[in-house]
Amino acid sequence: MTDVLRDNPISPTVDFDRDGIQHGFLKLPYSRDDSAWGAVMIPVTVVKNGSGPTALLTGGNHGDEYEGPLALSKLAQRLRAQDVTGRVIIVPFMNTPAVQAGSRTSPIDKGNLNRSFPGKPDGTVTQKIADYFQRTLLPMADVVLDVHSGGKTLDFLPFAACHMLPDAAQDAACAAGMRAFAAPYCMRMLELDAVGMYDTAAEEQGKVFVTTELGGGGSSTAKSLAIAERGVRNLLIHFGLLQGEIEAGESVMLDMPDGDCFVASEDDGLLEMCRDLGELVEKGEVIARVHSARRTGAPAAEYRAKRSGLLAARHFPGLVKSGDTLAVIAEVVD
């Protein structure tokens, strides 16, 4: 006997099939101490003009990453229906509770939205949001862009990314979208654990999926925001939703071929980075040290590169704990 999922409790205040521009909400009932009949209101903009492809653009999957929410909020203000062929669905604050709290995870249930797919319509608030995207929004989309950065705990070289996929046509379309975004770097990304990710949910539905990592440190910069805004526009042009010329720039192609790209700490303490983002490192080279914050005279633990390549990501705060990723070394693809 096949289990039938109940309907998702989220109700949109927009009509996804109506031409024109609509600004509204995905309304998720949420009963709490200060509002018995309250709701989580997730902002959404729909811009539609006739038939054509649908792009689903999301930011704020993690609430402490700001390039996506800013770039997509500005796009929602500026995009005109007459400029669009098809439909653009913009959700700048995907995990709205987390965005409003400035935290990676939801303050309501501590849910990490990007590890909560496929979600549950009768689960926690985060699981209900994931289920709505899984069963309602993703099936509408032809191309999905999810804008990420490093948040408060990581810093990245600014790159657009896609994953290696078994379907050759889908893999090629995702790679083409990644290149069209025209970030300074392009990354074939390896996930430590792809279970429960929005990326995986979209890819398993056969969608063209592109993501980014555009800096970090729990804020944005003028440079990282400009990369995001240009990249979103480029992607819409590439997939035929907007007219115009792609603002191309030279991108360095990177790859994460295996787990040796990751360097993780086995110690708690003070982080000393010995190399900076964007620098080339050699296998065996010391790239970081972790110093004890509990006593003097103890030698620092040294962490060495397990492969040669480019330092593409690093832990951001000055304190680390055992298990934290200290650095990611990517292979430069000729």
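Residues numbered from 1 in each chain as written. Predicted model: local features only at pLDDT ≥ 70, side-chain atom pairs only at ≥ 80, totals over all residues. Heavy atoms only, no water.

S.K.: What am I meant to see in the pattern of salt bridges here?
M.R.: Pairing between side chains of opposite charge can happen when their charged atoms approach one another. Counted according to the given criterion, the structure contains 16 salt bridges. A salt bridge links R104 to E65; its shortest N-O distance comes to 3.6 Å. With a gap of 39 residues between them, R104 in the loop between α2 (96-101) and α3 (125-140) and E65 in the loop between β4 (54-58) and α1 (67-78) connect regions that are remote in the sequence. Owing to a relative accessible area of 32%, R104 belongs among the partly exposed residues under this scheme. The partner of R78 in a salt bridge is E229, with the nearest N and O atoms 3.4 Å apart. (Salt bridge = Lys/Arg side-chain N within 4 Å of Asp/Glu carboxyl O. Helix = DSSP H or I, 4+ residues; strand = E, 2+ residues; numbered from the N terminus. Buried < 20%, exposed > 50% of the residue type's maximum accessible area, 1.4 Å probe, protein only.)

S.K.: Just to check I follow, could you spell out the domain arrangement of the protein chain for this structure?
M.R.: Many analyses report the size of an interface as the accessible area lost when the parts associate. For the protein chain, the assigned domains are domain 1 (11-254) and domain 2 (256-332). In this structure, domain 1 and domain 2 have C-alpha centres spaced 30 Å apart. Each side of the interface is counted separately: domain 1 has 16 residues, and domain 2 has 18 residues. For the pair domain 1 and domain 2, the summed buried surface comes to about 1400 Å²; carbon and sulfur atoms form 73% of the total. For the domain 1 face of the interface with domain 2, the top three residues by lost area are D155, L157 and L190, together amounting to 38%. Inspection of the region where domain 1 meets domain 2 yields 0 salt bridges. The tally of links between domain 1 and domain 2 comes to 4 residue pairs in polar contact (both at pLDDT 80 or more). Among the elements of the structure, β7 (154-156), β9 (185-188) and β11 (252-255) are those that each provide at least two residues to the side of domain 1 that touches domain 2. By residue class, the composition of the side of domain 1 that touches domain 2 is 11 nonpolar, 2 polar and 3 charged. (Domains from an automatic or database assignment. Contact = heavy atoms within 4.5 Å. Buried area = accessible area lost by both parts, 1.4 Å probe. Polar contact = N/O pair within 3.5 Å; in protein donor to acceptor, adjacent residues only side chain to side chain. Nonpolar A, V, L, I, M, F, W, Y, C, P; charged D, E, K, R; others polar.)

S.K.: Please clarify how the sheet that holds strand β16 (residues 301-304) should be interpreted in this entry.
M.R.: Note on sheets: strands pair through backbone hydrogen bonds, and any given pair is parallel or antiparallel. With antiparallel pairing, the 4 strands of this open sheet are ordered in space as β16-β15-β13-β18. Edge strands, defined here as strands with exactly one partner in the open sheet, are β16 and β18 (319-320). For strand β13 (residues 269-273) and strand β15 (residues 286-291), the ladder comprises 4 bridges, and the chain directions are antiparallel. Across the sheet, residue E272 finds its bridge partner in β15, namely R289. (Pairing = 2+ DSSP bridges.)

S.K.: Any chance you could explain the nonpolar core here in plain terms?
M.R.: Soluble, globular proteins show a tendency: their nonpolar side chains are buried together. Among the nonpolar cores identified, the biggest contains 36 residues, and L57, L75, L79, V88, I90, L145 and L236 are the most heavily contacted of them. For this core, the secondary structure elements donating two or more residues are β4, α1, β5 (86-91), β6 (143-146), β8 (159-162), α4 (168-181), β10 (208-213) and α6 (222-238). At 7 residues, α6 tops the list of elements feeding residues into this core. In contact with L57, other than residues within four places in its own chain, are L72, L75, V88, I89, I90, V91, L145, V232 and L236. One finds F117, L138, Y198 and A202 within the second-largest nonpolar core, a separate group that totals 28 residues. (Core = buried A, V, L, I, M, F, W, Y, C linked by side-chain atoms within 4.5 Å.)

S.K.: How do you make sense of the pairing of β10 when you look at a structure like this?
M.R.: Each regular strand shows side chains that alternate between the opposite faces of the sheet. With 6 of 6 residues buried, β10 lies mostly within the body of the structure. Of the two faces of β10, the one holding V208, V210 and T212 and the one holding F209, T211 and E213 are both buried throughout. For β6 and β10, the ladder comprises 4 bridges, and the chain directions are parallel. Pairing of V143 across the sheet is with V208, part of β10. Here β8 pairs with β10 via 3 bridges, running antiparallel. Opposite F159, over in β10, you have E213 as the bridge partner.

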